Amino acid sequence: MFEWMAWTLPVAVFFCAIVAMLVAMTVWELKSPTVLRRGFLPIATTRGDRLFIGLLAAAYVNLAFVAVSERMVGWFGLEEEPSIWLSFFASMALLALIMRKG
Amino acid sequence: MKPVNQKAWLLILPVVLCVAFSAILPLMTVVNYSVQDIISPERRVFVGTEWFKSVMRDEDLQGALLRQMTFSLAVLLVEIPLGIALALSMPAKGWKSSAVLVLVAISLLIPWNVVGTIWQIFGRVDIGLMGAALAALGFDYSYTGNASDAWFTVLLMDVWHWTPLVALLCFAGLRAIPDAYYQAASIDGASKFAVFRYIQLPKLRGVLMIAVLLRFMDSFMIYTEPFVLTGGGPGNATTFLSQYLTQKAVGQFDLGPAAAFSLIYFLIILLLCFILYNWMQRVGTADKTGAGHG
């Protein structure tokens, strides 16, 4: 029944990760409610705010990487374009940083 | 902490279901299309991040984005000061005030595509009032042939259409300033400019923020008016983001790149909305602390 919408496995994994994140955040919130606090971000944030900001920042990091990865070959003398996994891990690290210290 | 009854959340379940069907599922479909090359309903290939690459490196898109930013900034630079000036010069009381309010609001009631058509005719050199007048004054004006003329006309059209919104917001903001402030200013012998600079402008902060952000978001998503007026031309001088997207998705039926581009557009709007939301909230709290001091 999903055939006509052309669903693919990576997209399914992506959305499962998002749903898992939402569920995990809900459980976390129930176990220990979040406190509004101020980190290095210019506004006071709750845990959910930081997740949102972190995910948005992660998306921008990946997009920026994709935009310049072609030019990186010239900049760093690479033999082929750097893998998108590099920016994926960088963006996840950024997400973790924003979640903890933001 | 007082325990809160969370059962009310169940009442929004129907809305959640509707939104899931009308917004979330389609958005998921867009994400799904953005990683595939849909050749035909039967034939499709998974391409990973290829579309994002091609879209992010697309010079036409970068051009459209740059034009969009320039346009939105120009809109703000013209409409905000003009709106404030208009609001300051509007009569405050009596039938004149009502009459001016109605007159000012008229352009806001006109549908977008009609605004485009109005200006299309208005700017024509043969039959349009503005076009013919400019031609008679010796200007070589043509919004279909000259890129800067097209820009000027699109910008003027947006200013004509939306400055009244800024003016009405500011007018409401000005009316909310208590008389005591003006009395204190006149006792101090403050000049008109000082009254504006130290009373009216700070008190307008809240509405101005809303006006700036509303106009920024709206102009960022502008489609109909330039589409009707110039069709994005001459060349692609007035092709803004949403029109470029439509060309891709509907015109050329490139679902993959169009989906990738929509997601990028979505991310830009999401970021702007987030900033808008936080800014407006902060304006609210700033006003509260201000009231506490005063």
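Residues numbered from 1 in each chain as written. Chains lettered and ligands numbered in written order. Predicted model: local features only at pLDDT ≥ 70, side-chain atom pairs only at ≥ 80, totals over all residues. Heavy atoms only, no water.

Participant: I'd love a proper account of the interface of chain B and chain A, names of residues and values included.
Facilitator: Taken together, the contact pairs 23 residues of chain B with 23 residues of chain A. Taking both sides of the interface into account, the surface hidden between chain B and chain A amounts to around 2200 Å²; carbon and sulfur atoms contribute 72%. In this assembly, chain B and chain A are joined by zero salt bridges. If one sorts the elements of the side of chain B that touches chain A by residue count, helix 13 (residues 255–293) of chain B sits on top with eight residues. Considering only residue class, the side of chain B that touches chain A consists of 14 nonpolar, five polar and four charged. (Contact = heavy atoms within 4.5 Å. Buried area = accessible area lost by both parts, 1.4 Å probe. Salt bridge = Lys/Arg side-chain N within 4 Å of Asp/Glu carboxyl O. Helix = DSSP H or I, 4+ residues; strand = E, 2+ residues; numbered from the N terminus. Nonpolar A, V, L, I, M, F, W, Y, C, P; charged D, E, K, R; others polar.)

Participant: Report on the packing of helix 3 (residues 59–89) of chain B against helix 10 (residues 205–220) of chain B, specifying residues and quantitative values.
Facilitator: All names here are of chain B. Here helix 3 crosses helix 10 at 145 degrees, and the two axes come no closer than 9 Å. The way helix 3 lies across helix 10 gives a crossing that is right-handed. Between helix 3 and helix 10, the contacting residues are Leu65, Gln68, Met69, Phe71, Ser72, Val75, Leu76, Glu79, Ile80 and Ile84 on the first element and Leu208, Ala211, Val212, Arg215, Phe216, Ser219 and Phe220 on the second. Residues of the contact of helix 3 with helix 10, tallied by class, amount to 12 nonpolar, three polar and two charged. (Axes fitted to C-alpha atoms, helices over the stretch in contact; angles between N-to-C directions. Left-handed = near helix turned anticlockwise from the far one by under 90°.)

Participant: Hey, could you go over helix 7 (residues 147–175) of chain B for me, with residue numbers and the actual values?
Facilitator: For helix 7 of chain B, built from 29 residues, the straight-helix expectation of 42 Å at 1.5 Å per residue is met to within 8% by its first-to-last C-alpha distance of 41 Å. Approximately 40 degrees is the largest bend angle found in helix 7 of chain B, and it occurs at tryptophan 162 of chain B, with the proline proline 164 of chain B only one to four residues beyond. (Expected span 1.5 Å × (residues − 1). Bend = angle between axes of the 7 residues up to and from the residue.)

Participant: How would you sum up the domain arrangement of chain A? Please name residues and give values.
Facilitator: Residues and elements named next belong to chain A. Partitioning chain A into structural domains gives domain 1 (1–33) and domain 2 (36–102). The C-alpha centroid of domain 2 is placed 20 Å from the C-alpha centroid of domain 1. Contacts between the two partners involve six residues from domain 1, matched on the other side by five residues from domain 2. Taken as a group, Met21, Met25 and Trp28 account for 82% of the area that domain 1 buries against domain 2, more than any other trio of residues on that side. Where domain 1 touches domain 2, the interface holds one salt bridge. Ionic pairing is found between arginine 47 and glutamate 29, a salt bridge with its closest N-O pair at 3.9 Å. The interface formed by domain 1 and domain 2 holds one residue pair in polar contact (both at pLDDT 80 or more) in total. Here the residues of the side of domain 1 that touches domain 2 sort into four nonpolar, one polar and one charged. (Domains from an automatic or database assignment. Polar contact = N/O pair within 3.5 Å; in protein donor to acceptor, adjacent residues only side chain to side chain.)

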